[in-house]
Amino acid sequence: MVAQVIDGKAFAAKVRAQVADQVAKLKEENGITPGLAVVLVGEDPASQVYVRSKGKMTVEVGMNSYEHKLDAATSEADLLALIEKLNNDPAVHGILVQLPLPRHLNEDLVINSIDPAKDVDGFHISNVGLLGTGQKSMVPCTPLGCLMMLRDHHGSLSGMDAVVIGRSNIVGKPMAQLLLGDSCTVTIAHSRTKDLPDVVRRADIVVAAVGRPEMVPGDWIKEGATVIDVGINRIERDGKTKLVGDVDYASAAERAGAITPVPGGVGPMTIACLLANTLTACCRSNGLPEPEGLTA
């Protein structure tokens, strides 16, 4: 068996095109332009790249992009004051504070100061609670992207056995909640799970989000299973730097029915879902119907 490759780059382009169509419709019919504000504190190189990419794609789909770049020494009080200003700005429908923050800033306090309705990262404790109880919430972007790809590949996920490897608040836990919401039978596995290979082998769906390069070998994968690899790990191999996932792609692709590559799999979906979340937040704040297929 040779696995079908789930092309996240192509699927993300499709999602961005859907968002752009809906944004154009919002402007034409309601005179509303969704706005995304991104706050970057400090000069972390990776964060700067992400912020530039987010700003570029926000403009490409027709939204307003507001970037706030603050000095690394910015005080917590000043950062919270900016967030409060954005919370009260009707032109801003989504707020994202780029993580990680400098060590002197309390990330939980900062995230929970964002208006939950504008929390397009889905990290606010209120959104976490709403998602966990099956209510309408803002959904974290990476798990949302994984869910969209799984729905696109399978149609219905009802009754499927899913294993999520990793229990982070950003991916593992919300991913499990989303799969439960689509009526999967869900196991959250992690580094201390007993007989982890056997747990993974029974899964129809494997979502690997543990942050360990190529931790999951092909012989852990059930024949025909769908593998969603969230990991992005930079390793040295043959004297070169290479990006690999949490799954050993070559051996897993021989057993899986479908698999996401790294790079080009889950990664591109994260920004696409950030834009989708901003559109959803805009529609909700204006009492308009949510766009279909762009949220959980």
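Since the model is a prediction, treat every value here as computed from it, not as a measurement.

Asks: Before we move on, can you summarise the packing of helix H2 (residues 45-60) against helix H10 (residues 267-285) with the specific residues and values?
Replies: It is the contact of H2 with H10, at a shortest axis distance of 10 Å, that shows an interaxial angle of 50 degrees. Considering their axes alone, H2 and H10 lie oblique with respect to each other. In this structure, H2 meets H10 at a crossing whose hand is right-handed. Counted together, Ser-53, Lys-54, Met-57 and Thr-58 of H2 and Ile-271, Leu-274 and Leu-275 of H10 form the full contact between these two elements. Classifying every residue of the contact of H2 with H10 gives 4 nonpolar, 2 polar and 1 charged.

Asks: Summarise the environment of Gly-267; cite the residues concerned and give the values.
Replies: Relative to the assigned elements, Gly-267 resides in helix H10. What makes Gly-267 partly exposed here is its relative accessible area of 36%. Sequence separation between Gly-267 and Ile-111 is 156 residues; the distance between their C-alpha atoms is 22 Å.

Asks: Please set out the state of the cysteines residue by residue, giving values where relevant.
Replies: This model, assessed by the stated rule, comprises 0 disulfides. Here Cys-141 is not disulfide-linked; the sulfur of Cys-273 is the nearest cysteine sulfur, at 6.3 Å. Residue classification places Cys-141 among the buried positions, given a relative accessible area of 5%. Counting only cysteine sulfurs, Cys-282 is the nearest neighbor of Cys-283, a cysteine outside any disulfide, at a range of 5.6 Å. You can call Cys-283 buried: its relative accessible area is 4%.

Asks: Kindly report on the pattern of salt bridges, identifying the contributing residues and their values.
Replies: On inspection of all chains with the given rule, the structure shows 11 salt bridges. Lys-136 is the partner of Glu-290 in a salt bridge, and the nearest nitrogen-oxygen pair spans 3.2 Å. In this pair, Glu-290 sits in the segment after H10 while Lys-136 sits in the loop between helix H5 (125-132) and helix H6 (141-154), placing the two residues 154 residues apart along the sequence. Among the residues examined, Glu-290 registers a relative accessible area of 24% and is labelled partly exposed. Look at Lys-136 and you get exposed, because its relative accessible area is 59%. A salt bridge links Asp-182 to Arg-151, with the shortest nitrogen-to-oxygen separation between them at 2.8 Å. Separated by 31 residues along the polypeptide, Asp-182 in the loop between helix H7 (172-181) and strand S6 (185-189) and Arg-151 in helix H6 bring together distant segments of the chain. Given the relative accessible area of 18%, Asp-182 is considered buried.

Rules used throughout
- Residues numbered from 1 in each chain as written.
- Predicted model: local features only at pLDDT ≥ 70, side-chain atom pairs only at ≥ 80, totals over all residues.
- Heavy atoms only, no water.
- Axes fitted to C-alpha atoms, helices over the stretch in contact; angles between N-to-C directions.
- Helix = DSSP H or I, 4+ residues; strand = E, 2+ residues; numbered from the N terminus.
- Parallel < 35°, antiparallel > 145°, perpendicular 65-115°, else oblique.
- Left-handed = near helix turned anticlockwise from the far one by under 90°.
- Contact = heavy atoms within 4.5 Å.
- Nonpolar A, V, L, I, M, F, W, Y, C, P; charged D, E, K, R; others polar.
- Buried < 20%, exposed > 50% of the residue type's maximum accessible area, 1.4 Å probe, protein only.
- Disulfide = S-S within 2.5 Å.
- Salt bridge = Lys/Arg side-chain N within 4 Å of Asp/Glu carboxyl O.

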